[in-house]
Amino acid sequence: MGPVIATHGLTKRYGDTTAVSDLDLVIQPGEVFGLLGPNGAGKTTTILMLLGLTEPTAGDVEVVGLDPRRHPLAVKAAVGYLPDSVGFDDHLTGRQNLRYTARLNRIDPGEIEGRVADVLHVVGLTGAADQPAGEYSRGMRQRLGMADALVKRPRVLILDEPTVNIDPAGVEEILSLVRRLADEEGVAILLSSHLLHQVQAICDRIGIFVSGRMVATGTIDELAGRLDDRVILEVDAAGPPDAVLRTLEAIDGVRSITRTDDHWRIAATADLRTAIADRLHDAGCSVTHLRRASAELDAIYRRYFTGEDVTGSGDAPARRSEVAS
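Residues numbered from 1 in each chain as written. Predicted model: local features only at pLDDT ≥ 70, side-chain atom pairs only at ≥ 80, totals over all residues. Heavy atoms only, no water.

*Asks:* Is there a simple way to explain the overall build of the protein in this structure?
*Replies:* Of regular secondary structure, the protein possesses 11 helices and 13 strands. A fraction of 71% describes how many contacts in the protein between residues 6 or more apart in sequence connect residues 24 or more apart. When the accessible surface of the protein is summed, it comes to about 15300 Å², and 47% of that surface belongs to carbon and sulfur atoms. (Helix = DSSP H or I, 4+ residues; strand = E, 2+ residues; numbered from the N terminus. Contact = heavy atoms within 4.5 Å. Areas by Shrake-Rupley, 256 points an atom, 1.4 Å probe, with all protein chains shown as cover.)

Structure (structure tokens):
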């Protein structure tokens, strides 16, 4: 099967403002693709063009092999969409809201009850299905929104900031469901978010979206591999702080050193744990704690979202930290 989403040169301008510029995007069946960028980057505008809800200014777009501009109803029938703010009739129960959506999508009346029951089970709302939607918590409404998007059995699921204002347990449930739909049902999922660590948890690939442009695409490892200070190490060693600091500064590949929470925090060009342990041992400073921290996303954030230069050469001098007495 070919890609379920494909764009080339997709552009949207509003007067003199370019919301999305020259976007090339390909998403395959069963893939979870994270569209990652700050608020206002153009993520929602991109989604609206994919759904045929706004006309591109230029470029080409296909969703499930169809142009949303020419076949908007067929595209909508194949795509489930969860916006960042889900609207339901608060006086209707969750089940009644889903029945209404099923009828709008012209699902065979004989299938509606079965489908509604199935999606309520998938999102974990069977026990609350007959409560008015107005009594649902924010997390429950998001799960009802997922059920609403799934009732048509879509080939593509588009989620716009699906975990905003949800408690940690609810976030874990939503992300677990997304991953399961991709792995078990083969649904292609486009997840738009500004939350790096949530995207890292479930996405196969990530597109970094800034000021309307896709500035980088790849897996977390591929994106981090382009950065020089992608490895963060935490070290604690018994010995005079000045001696520990001097030893760490002398190791090739160390970019910077800071002191936090009784640990030395080292930004490095590679995993230097062996070199650090050996050098500290030779200096008479015994290592009591040495681990690699998962900081790749922090470096990606600084590179693409704040414009901070994190590409300096590996022989740049380390920054001496304030040494605790």
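Picking up after the structure, the text goes on.
*Asks:* What should I look at first to understand the sheet that holds strand β4 (residues 58-63) in this one?
*Replies:* Across the sheet, which stays open at both edges, the three strands sit in the order β2-β1-β4 with antiparallel pairing between neighbours. A single partner strand is all that each edge strand has here, and the edge strands are β2 (17-27) and β4. Each strand of the sheet is rotated relative to its neighbour by a mean of 25°, with strand direction disregarded. Inspection of the sheet shows strand β1 (residues 5-14) paired to β2 by seven bridges, in the antiparallel sense. Opposite Ala6, over in β2, you have Val26 as the bridge partner. Packing of helix α1 (residues 43-50) onto the sheet brings it into contact with β1, β2 and β4, and relative to β1 it is tilted by some 115°. (Pairing = 2+ DSSP bridges. Axes fitted to C-alpha atoms, helices over the stretch in contact; angles between N-to-C directions.)

*Asks:* How do you make sense of the packing of helix α5 (residues 138-150) against helix α6 (residues 168-185) when you look at a structure like this?
*Replies:* The relative placement of two packed helices is expressed as an angle between their axes plus a distance between the axes. It is at 10 Å that the axes of α5 and α6 come closest, and there the two elements cross at 20°. As the angle between them shows, α5 and α6 are arranged roughly parallel. For the crossing formed where α5 meets α6, the hand is right-handed. Contact residues: Gln142, Arg143, Met146 and Leu150 in α5; Glu173, Ile174, Leu177, Val178 and Leu181 in α6. Considered class by class, the residues forming the contact of α5 with α6 number six nonpolar, one polar and two charged. (Parallel < 35°, antiparallel > 145°, perpendicular 65-115°, else oblique. Left-handed = near helix turned anticlockwise from the far one by under 90°. Nonpolar A, V, L, I, M, F, W, Y, C, P; charged D, E, K, R; others polar.)

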